Amino acid sequence: MNKPYNFFSGPAILPESVLQKAADAIHNFEGTGLSILEISHRSKPFVAAMEEARTLVKQLLKLDDSKEVFFLQGGASLQFCMVPYNLLGANETAAYLDTGHWAHEAIKEAARFGNTKILGSSADVNYNYIPKKWLQDFDDANFAYTHITTNNTIYGNQWSSTLLNDFIAKAKGVLVADMSSDIFSREIDYNRFDLIYAGAQKNMGPAGATLVVIHKDLLKKKVRDSPAMLDYSTHVAKESMHNTPSVFAVYVSLLTLRWIDAKGLDAIEKENDIKAQTLYRAIDASTIFEGTVQHEDRSKMNVCFRLKDKSQEAQFLKFAEENNLFGLAGHRSVGGFRASIYNAMPLEGVQHLVKAIQEFENKNL
Ligand SMILES: *Cc1c(COP(=O)(O)O)cnc(C)c1O
């Protein structure tokens, strides 16, 4: 059987070589003769794996020594509350950009702990663009932090590198970003962000691990008494080993990080550009399909599109599966289609999808 092309949004596609090595480690982890599933997180080889993963993240994102890197559990969703819990005093205000479902969820959690100010929202138009007007008179002096979601996985919008650079140039205060679905997909100034979080299962590994990068200065801020598990300082001080980490998820993330490192982030970015261009070009050339997001804010990770005639939707999904293309249904709140083309998706997979789009169109004209 030909391996299906996997366009799921998360958990999502991993490189074939990573899957192979992960499978090997289930029987024999780094030559120990023990399984990665049964080895102590305090054992030397796993401590070394955790160290290597943290070091590789620092290298790949070009972080300086002011940053700490660690792995948590609870997904990006736990970070929605951990960020304000640690950084937003009850009388302080945090600024948020409401650019998608996950951004919206992050805002709801922050509102439990302090004040929130929405600098811009595209909720009323199904999040089909990233609001930018606010950038002109951005006053960050009074914000505990400003939070953005660099790629909006469900609606398929993304801060382009140009827009991110503009934001970085104008912003002065503490910057926080949810990069769950586009971290390690391109070269940007990661170092400028004071806190970055990302669930592993989109572009880094399997579900169960969450990457957090934090500026050391933020660890000094104490806005409320905190249980140890919810306090960033705990996890930094214990180097991601305060309690049992998600051993397997961290290890598979390490395998992916090694794969990214071997290819080079610049090469990965170029490939991602070509993949996205190939797919959007086909959608734009079609008379029956259309993209759902404004051109300049289109995601290079999650390509959202639909059929102008909605009644053909199920038919296209069936046709896609017959052509070995899986995971293309849009999120249940959006409908239509979503092709997630993370780092591990080869160009060939995108070309295969383009062919199916064209064939479907020819059959239905
Ligand atoms: C998937 C996703 C989340 C939620 O991640 P969980 O690990 O399920 O909590 C948050 N933000 C973004 C951008 C995502 O893509």
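What counts and how
Residues numbered from 1 in each chain as written. Predicted model: local features only at pLDDT ≥ 70, side-chain atom pairs only at ≥ 80, totals over all residues. Heavy atoms only, no water. Near = heavy atom within 4 Å. Polar contact = N/O pair within 3.5 Å; in protein donor to acceptor, adjacent residues only side chain to side chain. Areas by Shrake-Rupley, 256 points an atom, 1.4 Å probe, with all protein chains shown as cover. Helix = DSSP H or I, 4+ residues; strand = E, 2+ residues; numbered from the N terminus. Nonpolar A, V, L, I, M, F, W, Y, C, P; charged D, E, K, R; others polar. Domains from an automatic or database assignment. Contact = heavy atoms within 4.5 Å. Buried area = accessible area lost by both parts, 1.4 Å probe. Salt bridge = Lys/Arg side-chain N within 4 Å of Asp/Glu carboxyl O. Buried < 20%, exposed > 50% of the residue type's maximum accessible area, 1.4 Å probe, protein only.

Close to the ligand lie 13 residues; Ser77, Thr153, Asp178, Gln201 and Lys202 are nearest. Interatomic distance of 2.6 Å between a side-chain N/O atom of aspartate 178 and a nitrogen atom of the ligand. Between an oxygen atom of the ligand and a side-chain N or O atom of glutamine 201, the distance comes to 2.9 Å. Relative to its free-state accessible area of 390 Å², the ligand is covered by the protein chains to the extent of 87%. Counting residues per element, the shell around the ligand draws most heavily on helix 3 (residues 75–87), at 4 residues. Classifying every residue of the shell around the ligand gives 3 nonpolar, 8 polar and 2 charged.

Let us look at the domain arrangement of the protein chain. Domains assigned within the protein chain are domain 1 (16–263) and domain 2 (264–364). Using C-alpha coordinates to define each centre, domain 1 is positioned 27 Å away from domain 2. Each partner contributes to the interface: domain 1 provides 28 residues, whereas domain 2 provides 27 residues. When domain 1 packs against domain 2, the two sides together hide about 2300 Å² of surface, and 51% of this comes from carbon and sulfur. The interface formed by domain 1 and domain 2 contains 3 salt bridges. Notably, a salt bridge pairs glutamate 271 with lysine 263, separated by 3.3 Å at the nearest N-O pair. Across the domain 1-domain 2 interface, the total number found is 17 residue pairs in polar contact (both at pLDDT 80 or more).

Moving on to the environment of histidine 147. The topology assignment puts histidine 147 in strand 5 (residues 143–149). Classification of histidine 147 as buried rests on a relative accessible area of 1%. As for histidine 147 and lysine 263, which are separated by 116 residues in sequence, their C-alpha atoms are 30 Å apart. Residues in contact with histidine 147, not counting those within four places in the same chain, are Ala95, Tyr96, Leu97, Ala106, Val176, Asp178 and Tyr197. A polar side-chain atom of histidine 147 sits 2.7 Å from a polar atom in the side chain of tyrosine 197.

The topology assignment puts serine 180 in the loop between strand 8 (175–178) and strand 9 (195–199). Taking the C-alpha atoms as reference points, serine 180 and serine 226, separated by 46 residues in sequence, lie 25 Å from one another. Residues in contact with serine 180, not counting those within four places in the same chain, are Ala76, Tyr197, Ala198, Gly199, Lys202 and Asn203. In terms of polar contacts, serine 180 uses its side chain to reach the backbone amide nitrogen of glycine 199, at 3.2 Å.

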